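# Tertiary structure, described
Each chain, letter by letter, is given below.
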Amino acid sequence: MPDENELRIKFRTDEEWDLLTLLRVKSHSEGLSVEQYIINELKKYVEFSAPPPPANPTLSLTQMDEVRRRISNVDMSCRGEIAKVKKDINFLAEVIAAIQAELDSKNNIS
């Protein structure tokens, strides 16, 4: 049973067999297995054929102001949510303390 990572190729022509022979020779000359040589060559091909990354965009002052405004809005929103969560936590802590105090007073009476 073949390994799930194994790639099986059927060669139909002599040119394809010649290509395999060439790959074997090149991989041997570089001290690599045929598989590793092919993987390296595929990586090079993908890197070479990939489109170049876009250049760093330059933003106008208006665009920069908009980015700053949006960041500020997100910051204020996060700070508001954090304050609300802290308030809720403090309220829960007070309720828990009150319940604990009532339980303690009932335990002391019995």
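Residues numbered from 1 in each chain as written. Predicted model: local features only at pLDDT ≥ 70, side-chain atom pairs only at ≥ 80, totals over all residues. Heavy atoms only, no water.

### Side note on the overall build of the protein
The number of helices and strands found in the protein is three helices and zero strands. The C-alpha radius of gyration computed for the protein amounts to 34 Å, which surpasses the reference 13 Å derived for 110 residues by more than 25%, pointing to a less compact arrangement than a globule. In terms of its C-alpha atoms, the protein occupies a principal-axis envelope of roughly 95 × 60 × 25 Å. A total of about 10700 Å² of accessible surface is found on the protein, and carbon and sulfur atoms cover 60% of it. Charged side chains of the protein number 15 positive and 19 negative; the gap between the two group centres comes to 6 Å. (Helix = DSSP H or I, 4+ residues; strand = E, 2+ residues; numbered from the N terminus. Rg over C-alpha atoms; globule rule 2.2 N^0.38 Å. Areas by Shrake-Rupley, 256 points an atom, 1.4 Å probe, with all protein chains shown as cover. Lys, Arg positive; Asp, Glu negative; His and termini not counted. Charge placed at Lys NZ, Arg CZ, Asp CG, Glu CD.)

### Concerning the pattern of salt bridges
Applying the stated criterion to the full structure yields seven salt bridges. Connected through shared salt-bridge partners, E66, R69 and R70 make up one network. (Salt bridge = Lys/Arg side-chain N within 4 Å of Asp/Glu carboxyl O.)

### A short note on a nonpolar patch on the surface
Together, F91, L92, V95, I96, I99 and L103 line one region of the surface with nonpolar side chains, adding up to about 580 Å² of accessible area. Looking at the secondary structure, you find F91 in helix α3 (residues 61-109). (Patch = residues over 30% accessible without salt bridge, like charges linked within 9 Å, V, L, I, M, F, W, Y side chains within 5 Å.)

### Overview of the confidence of the model for the protein
For the protein, per-residue confidence averages 86 on the pLDDT scale, and 94% of positions sit at 70 or higher. For the protein, helix α2 (residues 34-49) is the element with the lowest average pLDDT, namely 88, and α3 is the one with the highest, namely 91. (pLDDT = per-residue confidence, 0-100.)

### As for the packing of helix α1 (residues 14-29) against α2
At a minimum axis distance of 9 Å, the contact between α1 and α2 shows a crossing angle of 95 degrees. Classified by the angle their axes make, α1 and α2 are roughly perpendicular. Of the residues in α2, those touching α1 at L23, R24, K26 and S27 are V34, Y37 and I38. Classifying every residue of the contact of α1 with α2 by side-chain character gives four nonpolar, one polar and two charged. (Axes fitted to C-alpha atoms, helices over the stretch in contact; angles between N-to-C directions. Parallel < 35°, antiparallel > 145°, perpendicular 65-115°, else oblique. Contact = heavy atoms within 4.5 Å. Nonpolar A, V, L, I, M, F, W, Y, C, P; charged D, E, K, R; others polar.)

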